[in-house]
Amino acid sequence: MNAPILNRDFYAAPTLQVARALLGQRLVRLWQGQRLSGRIVEVEAYIGREDQASHARRGRTPRNAAMFGPPGHAYVYLIYGMYHCLNLVTETAGFPAAILIRALEPLEGVALMQAQRGQAAWRDLLRGPGRLCQALHIDLSLNGADVCSPTHGLWAEADAAVPEDRVLTTPRIHVRGDAESLARPWRFVICDHPCVSGPASLNHHQSLSLSP
DNA sequence: GGATCGATCGGCT
DNA sequence: GCCGATCGATCCG
């Protein structure tokens, strides 16, 4: 009696809405018959060709083709020659949009994931887009995989809802682009969650020091 | 064909 | 905070 797998309609919606709705849901990887999973605590949206921080800014290429495909599929790419990043494709075929999964709170298969990640501490196990792909055995073989069915061993399940006052939006981190793209608050995190990979709360000291 | 670069991470100063 | 690892995709000529 597992929770239902999030379906195509869930992903075939405005990307910012999907990004917000993914917080709190459970990302599941079936690996050699074992469930590895974590709660989604940090995501980033990449929307359209006008988004200068998106891989789709220069149009469709072999690497980013999945972003232009139908919703509810994975877009996985290799970065810095050593890590992978997982995105979930949104909206409609032909329009490039996806959500980068940046961090998870470990739930199931913790010992197996730790074995895969050099016995990383619980808090660091899935904290970061490269780390979570390593722990969940996600690589280029999953690029384009349908995540609306259990077929490829990767999907998201309905789980705990996150109340509005627990959600923080910030600009995306570690990205390049024009000032407009960099300013967009398209990063969504669960406020103050220990497994978030970047700023997880508004910094009161900074706010105070910036005030006259 | 060759040069450059990156939605990262871990180790070190 | 800074630096190097490491390699496929992309861009330039």
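For the structure, see preceding data.
1. What to know about helix H2 (residues 15-22)
Right, on to step 1. Listing the buried residues of H2 in full gives Thr-15, Val-18, Ala-19, Arg-20 and Leu-22.
Right, on to step 2. In this structure, the buried residues of H2 make contact with helix H1 (8-11), strand S2 (34-47), strand S4 (83-89), strand S5 (97-108), strand S7 (167-170) and strand S8 (187-190).
Right, on to step 3. Following H2 by one or two positions, Gly-24 adopts a phi angle in the positive range, close to 90 degrees.

2. Observations regarding a nonpolar patch on the surface
Right, on to step 1. Together, Tyr-80, Met-82 and Tyr-83 line one region of the surface with nonpolar side chains, adding up to about 420 Å² of accessible area.
Right, on to step 2. Mapping Met-82 onto the fold places it in the loop between strand S3 (74-79) and S4.

3. Regarding the state of the cysteines
Right, on to step 1. Throughout the structure, instances matching the rule amount to zero disulfides.
Right, on to step 2. Take Cys-85: it sits in no disulfide, and the sulfur closest to it among the cysteines is that of Cys-133, at 6.2 Å.
Right, on to step 3. Given a relative accessible area of 5%, Cys-85 falls into the buried group.

4. Quick look at the protein's contact with DNA strand C
Right, on to step 1. Every residue near DNA strand C is listed here: Arg-58, Thr-61, Pro-62, Arg-63, Leu-78, Tyr-80, Gly-81 and Met-82.
Right, on to step 2. In DNA strand C, the atoms that sit within 4 Å of the protein are 73% sugar and phosphate, with bases accounting for the remainder.
Right, on to step 3. In the model, a base oxygen of DNA strand C is placed 2.3 Å from a nitrogen or oxygen of the Tyr-80 main chain.
Right, on to step 4. Split into classes, the residues belonging to the surface near DNA strand C amount to four nonpolar, two polar and two charged.

5. Looking at the protein's contact with DNA strand B
Right, on to step 1. What surrounds DNA strand B is a group of 20 residues, the closest being His-55, Tyr-77, Asn-87, Arg-117 and Arg-131.
Right, on to step 2. When the atoms of DNA strand B within 4 Å of the protein are grouped by moiety, sugar and phosphate amount to 50% of the total.
Right, on to step 3. Between Pro-129 and DNA strand B, the recorded distance is 3.2 Å, taken from a backbone N or O atom to a phosphate oxygen.
Right, on to step 4. In this structure, Arg-131 approaches DNA strand B through a side-chain N or O atom, which is 2.5 Å from a phosphate oxygen.

6. Overview of the pairing of S5
Right, on to step 1. Burial analysis of S5 places 10 of its 12 residues in the buried class, which makes it a mostly covered element.
Right, on to step 2. Summarising the sheet, S2 and S5 pair through 10 bridges and their orientation is antiparallel. Residue pairing in the sheet places Glu-44 in a bridge with Leu-100 of S5.
Right, on to step 3. Pairing of S4 with S5, which is carried by three bridges, proceeds in the antiparallel orientation.

7. Observations regarding the pairing of strand S6 (residues 154-157)
Right, on to step 1. Judged by which residues are buried, S6 turns out to be covered on both faces: Leu-154 and Ala-156 on one side and Trp-155 and Glu-157 on the other are all buried.
Right, on to step 2. Of the pairings in the sheet, the one linking strand S1 (residues 26-31) to S6 comprises four bridges and is antiparallel in character. Its bridge partner being in S6, Val-28 is matched across the sheet by Trp-155.

Each value, and the rule that gives it
Residues numbered from 1 in each chain as written. Chains lettered and ligands numbered in written order. Predicted model: local features only at pLDDT ≥ 70, side-chain atom pairs only at ≥ 80, totals over all residues. Heavy atoms only, no water. Buried < 20%, exposed > 50% of the residue type's maximum accessible area, 1.4 Å probe, protein only. Helix = DSSP H or I, 4+ residues; strand = E, 2+ residues; numbered from the N terminus. Contact = heavy atoms within 4.5 Å. Patch = residues over 30% accessible without salt bridge, like charges linked within 9 Å, V, L, I, M, F, W, Y side chains within 5 Å. Areas by Shrake-Rupley, 256 points an atom, 1.4 Å probe, with all protein chains shown as cover. Salt bridge = Lys/Arg side-chain N within 4 Å of Asp/Glu carboxyl O. Disulfide = S-S within 2.5 Å. Near = heavy atom within 4 Å. Polar contact = N/O pair within 3.5 Å; in protein donor to acceptor, adjacent residues only side chain to side chain. Nonpolar A, V, L, I, M, F, W, Y, C, P; charged D, E, K, R; others polar. Pairing = 2+ DSSP bridges.

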